[in-house]
Amino acid sequence: MSVGTHPTFENSPPGTVLTSPPDGSAVDRATGAARRVVDALLRTDRGNANLARVAEELNSIAEHLEEHAPAVAERLIDMWNGEGVTRHDPVTGPENALAPPLVLEGLPDGSVRGTVTLTIPYQGPPGHVHGGVSALLLDHVLGVANAWGGKAGMTAQLSTRYHRPTPLFEPLTLTGKLISVDGRKITTAGDIRTADGQVCVSVEGLFVDKSVPRPR
Ligand SMILES: CCCCCCCCCC(=O)SCCNC(=O)CCNC(=O)[C@H](O)C(C)(C)COP(=O)(O)OP(=O)(O)OC[C@H]1O[C@@H](n2cnc3c(N)ncnc32)[C@H](O)[C@@H]1OP(=O)(O)O
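Residues numbered from 1 in each chain as written. Predicted model: local features only at pLDDT ≥ 70, side-chain atom pairs only at ≥ 80, totals over all residues. Heavy atoms only, no water.

A. Representation of the overall build of the protein chain in the model. The number of helices and strands found in the protein chain is 4 helices and 6 strands. When the helices and strands of the protein chain are placed in sequence order, the string is α-α-α-β-β-α-β-β-β-β. A compact globule built from 216 residues should have a C-alpha radius of gyration of about 17 Å, and the protein chain, at 19 Å, falls within 12% of that. Seen through its principal axes, the protein chain has C-alpha atoms that stretch 60 × 45 × 30 Å. Counting every position in the protein chain, which comprises 216 residues, the buried fraction comes to 31%. Sequence separation of 24 or more characterises 67% of the internal contacts of the protein chain that already satisfy a separation of 6 or more. For the protein chain, the exposed area adds up to about 12300 Å²; of that, 56% sits on carbon and sulfur atoms. Taking the average location of the 19 positive side-chain charges in the protein chain and that of its 24 negative ones, the two points are 5 Å from each other. (Helix = DSSP H or I, 4+ residues; strand = E, 2+ residues; numbered from the N terminus. Rg over C-alpha atoms; globule rule 2.2 N^0.38 Å. Buried < 20%, exposed > 50% of the residue type's maximum accessible area, 1.4 Å probe, protein only. Contact = heavy atoms within 4.5 Å. Areas by Shrake-Rupley, 256 points an atom, 1.4 Å probe, with all protein chains shown as cover. Lys, Arg positive; Asp, Glu negative; His and termini not counted. Charge placed at Lys NZ, Arg CZ, Asp CG, Glu CD.)

Here it is, written out as structure tokens:
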């Protein structure tokens, strides 16, 4: 499958940003505020006397957004319009409040890299990152690594090894690299490391060259 206009390490300079970082637009700022709300709701004192009013105000904001939402089918077409990088995915999407968001750059050896600090909404074991969140982030990192390597496919298998608990509140570096291509099968590897280089999670992914058509 072609990667379309997506940059590859053979046609783009090292350090090319491969995702869509938050750009200061109103929707990115609103999404950033929503992330703050999710984090703050988990941190605020459970006895905070204003929580009932908070619920009312948040529901009022949700109603306003819903009143201005087109039909989902229409929104999906708009969301997938163009061949650029996505702005809505749950890992790098600046328009998705579930995304940290992770920003990835391409390196000259064909790998991709990004650094992120995860906070309480991503918690699994006490003070540490949920294993499913690590797998989610790495699945996407491998997908972007495939594109930087000039290939694209869907995840068929993601083998995940959890070496040590992954800390919250510390910068984590995620990397991925396309390792080999065998017909339609693409093998890609990646990991999550702490700032001092300790590997917390490593993955190997098998991707198969296939795509789901974009909504039109
Ligand atoms: C810049 C943009 C960055 C975007 C990043 C996005 C990253 C996120 C990626 C995803 O989340 S993708 C969504 C999660 N994945 C899926 O939903 C995939 C669901 N599964 C499928 O659609 C199909 O099963 C699949 C495309 C994986 C394979 O179906 P096919 O019918 O196209 O393949 P086929 O069965 O003909 O197998 C092709 C080869 O792959 C092998 N294969 C397929 N699935 C396999 C599997 N699961 N395990 C091992 N081998 C597998 C199969 O044996 C065969 O090997 P050989 O060519 O050697 O005979």
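B. Region of the structure containing the site of the ligand. Inspection of the region around the ligand gives 15 residues, with Thr155, Ala156, Gln157, Arg184 and Lys185 positioned closest. In the environment of the ligand, a nitrogen atom lies 2.7 Å from a nitrogen or oxygen atom belonging to the side chain of Gln157. Contact distances for the ligand include 2.8 Å between an oxygen atom and a side-chain N or O atom of Lys185. For the shell around the ligand, the secondary structure elements donating two or more residues are α4 (131-148), β3 (154-162) and β6 (199-208). For the shell around the ligand, the element with the highest residue contribution is α4, accounting for 5 residues. Residue composition of the shell around the ligand, grouped by class: 6 nonpolar, 5 polar and 4 charged. (Near = heavy atom within 4 Å. Polar contact = N/O pair within 3.5 Å; in protein donor to acceptor, adjacent residues only side chain to side chain. Nonpolar A, V, L, I, M, F, W, Y, C, P; charged D, E, K, R; others polar.)

C. Region of interest: the environment of Lys210. Tracing the chain through its elements places Lys210 in the segment after β6. Using a relative accessible area of 53% as the deciding quantity, one classes Lys210 as exposed.

D. Structural detail: the sheet that holds strand β1 (residues 105-106). Here 6 strands make up an open sheet; going across it, the order is β1-β2-β4-β5-β6-β3 and the pairing antiparallel. Strand pairing shows two members of the sheet lacking a second neighbour, β1 and β3, which therefore form its edges. Direction of pairing for β1 relative to strand β2 (residues 111-117): antiparallel, over a ladder of 2 bridges. Across the sheet, the residue bridging to Glu105 is Arg113, located in β2. Relative to the sheet, α4 contacts β1, β2, β3, β4 (171-182), β5 (185-194) and β6, its axis offset from that of β4 by approximately 50 degrees. (Pairing = 2+ DSSP bridges. Axes fitted to C-alpha atoms, helices over the stretch in contact; angles between N-to-C directions.)

E. Focus on helix α1 (residues 26-43). Over its 18 residues, α1 runs 26 Å from end to end, which matches the ideal 26 Å to within 8%, given 1.5 Å per residue. Of the residues making up α1, those classed as buried are Asp28, Thr31, Arg35 and Asp39. Down the axis of α1, the buried side of the element spans an arc of 80 degrees, and every buried residue falls inside it. Within α1, the exposed residues directed more than 90 degrees away from the buried face are Ala26, Arg29 and Arg36. (Expected span 1.5 Å × (residues − 1). Arc of directions from axis to C-beta.)

F. Spotlight on unusual backbone geometry. Residue Pro100 is joined to Pro101 through a cis peptide bond whose omega torsion reads -10 degrees. You can see Pro101 is positioned in the loop between α3 (72-79) and β1.

G. Fine view of the nonpolar core. Leu102, Val112, Leu118 and Leu174 are the most contacted members of the largest nonpolar core, which totals 27 residues. Only β2, α4, β4, β5 and β6 provide two or more residues apiece to this core. If you tally residues by element for this core, the top one is α4, at 8 residues. Excluding residues that lie within four positions of it along the chain, Val112 makes contacts with Leu18, Glu105, Gly106, Val141, Val144, Ala145, Trp148, Leu174, Thr175 and Gly176. (Core = buried A, V, L, I, M, F, W, Y, C linked by side-chain atoms within 4.5 Å.)

H. Main features of the environment of Met154. With respect to the secondary-structure elements, Met154 resides in strand β3. We classify Met154 as partly exposed; its relative accessible area is 40%. Once the C-alpha coordinates of Met154 and Leu76 are considered, the two residues, 78 residues apart in sequence, prove to be 19 Å apart. For Met154, the residues in contact, after removing those within four places along its chain, are Leu206, Phe207, Val208, Lys210, Ser211 and Val212.

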